[in-house]
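Coordinates in review
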Amino acid sequence: MVPVVVRIAPPPPAGGLVSTAASVESMIWAAALPQDCLEHLTVARDDEYLSIVVFVKAHDLAHAEEQVDRLMQRTLGQAPPLVGWAVTECTGADLRRPPQ
């Protein structure tokens, strides 16, 4: 599994956030397709942003970032509470230990 860190921001002027992190998590799962290879995700609320860590099966970081970006764009396009929101970060995290 490859983790990808995502941040999404509301449209200006910053409006209220969607009700809960759990509701955003549900929206992402609802938009997920088998080819997204979604395994796990967690959502946290910041002051104006939502921070999301998405775990997907992927060959490498680049593929993971592409998969997650497609998933997030689909989610933002399908979930009415997230209309107008934008992905501001979508970065794969390499958690492998460096060789010793």
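Going by the structure above, here's the rest.
Residues numbered from 1 in each chain as written. Predicted model: local features only at pLDDT ≥ 70, side-chain atom pairs only at ≥ 80, totals over all residues. Heavy atoms only, no water.

Remarks on the packing of aromatic side chains
Inspection of the entire model under this criterion finds zero aromatic pairs. Here the basic side chain of arginine 7 rests over the ring of tyrosine 49, its NZ or CZ set 4.5 Å away from the ring centre. (Phe/Tyr/Trp six-rings, centres within 6.5 Å; stacked < 30°, edge-to-face > 60°. Lys NZ or Arg CZ within 6 Å of the ring centre and 35° of its normal.)

Here we look at helix α2 (residues 61–78)
In this model α2 runs 26 Å from its N-terminal to its C-terminal C-alpha over 18 residues, within 8% of the 26 Å that 1.5 Å per residue would give. Listing the buried residues of α2 in full gives Ala64, Gln67, Val68, Leu71, Met72, Arg74, Thr75 and Leu76. Of the surrounding secondary structure, the elements contacted by the buried residues of α2 are β1 (2–9), α1 (21–31), β2 (38–45), β3 (50–56) and β4 (86–92). If you check the start of α2, you find a side-chain oxygen 3.2 Å away from the backbone N of alanine 62, and it comes from aspartate 60. (Helix = DSSP H or I, 4+ residues; strand = E, 2+ residues; numbered from the N terminus. Expected span 1.5 Å × (residues − 1). Buried < 20%, exposed > 50% of the residue type's maximum accessible area, 1.4 Å probe, protein only. Contact = heavy atoms within 4.5 Å. Polar contact = N/O pair within 3.5 Å; in protein donor to acceptor, adjacent residues only side chain to side chain.)

What to know about the nonpolar core
Counting residues in hydrophobic clusters, the biggest one holds 24 residues, and the most contacted among them are Val6, Ile8, Ile28, Val43, Ile52 and Val54. Where this core is concerned, the elements lending two or more residues are β1, α1, β2, β3 and α2. Sequence-distant contacts of valine 43, defined by excluding residues within four places in its chain, comprise Ala21, Val24, Glu25, Ile28, Leu50, Ser51 and Ile52. (Core = buried A, V, L, I, M, F, W, Y, C linked by side-chain atoms within 4.5 Å.)

Quick look at the pairing of β1
The element β1 is extensively covered by neighbouring structure, given that six of its eight residues are classed as buried. The sheet contact formed by β1 and β3 spans seven bridges and is antiparallel. Each residue of the ladder has a partner; that of isoleucine 8, found in β3, is leucine 50. Where β1 lies against β4, six bridges are found, and the strand directions are antiparallel. Across the sheet, the residue bridging to valine 6 is cysteine 90, located in β4. (Pairing = 2+ DSSP bridges.)

Digging into the pattern of salt bridges
With the rule as written, the count across this model stands at three salt bridges. The residue aspartate 46 makes a salt bridge to arginine 7 at a minimum N-O spacing of 3.7 Å. Placement of the pair is aspartate 46 in the loop between β2 and β3 and arginine 7 in strand β1, with a sequence separation of 39 residues. Overall, aspartate 46 belongs to the partly exposed group, its relative accessible area being 33%. Assessed through its relative accessible area of 25%, arginine 7 is described here as partly exposed. The shortest N-O distance in the salt bridge between lysine 57 and glutamate 39 comes to 3.7 Å. Note that lysine 57 is positioned in the loop between β3 and α2 and glutamate 39 in strand β2, a separation of 18 residues in sequence. Taking the relative accessible area as the measure of exposure, lysine 57 reaches 48% and is therefore partly exposed. Residue glutamate 39 is classed as partly exposed on the basis of its relative accessible area of 36%. (Salt bridge = Lys/Arg side-chain N within 4 Å of Asp/Glu carboxyl O.)

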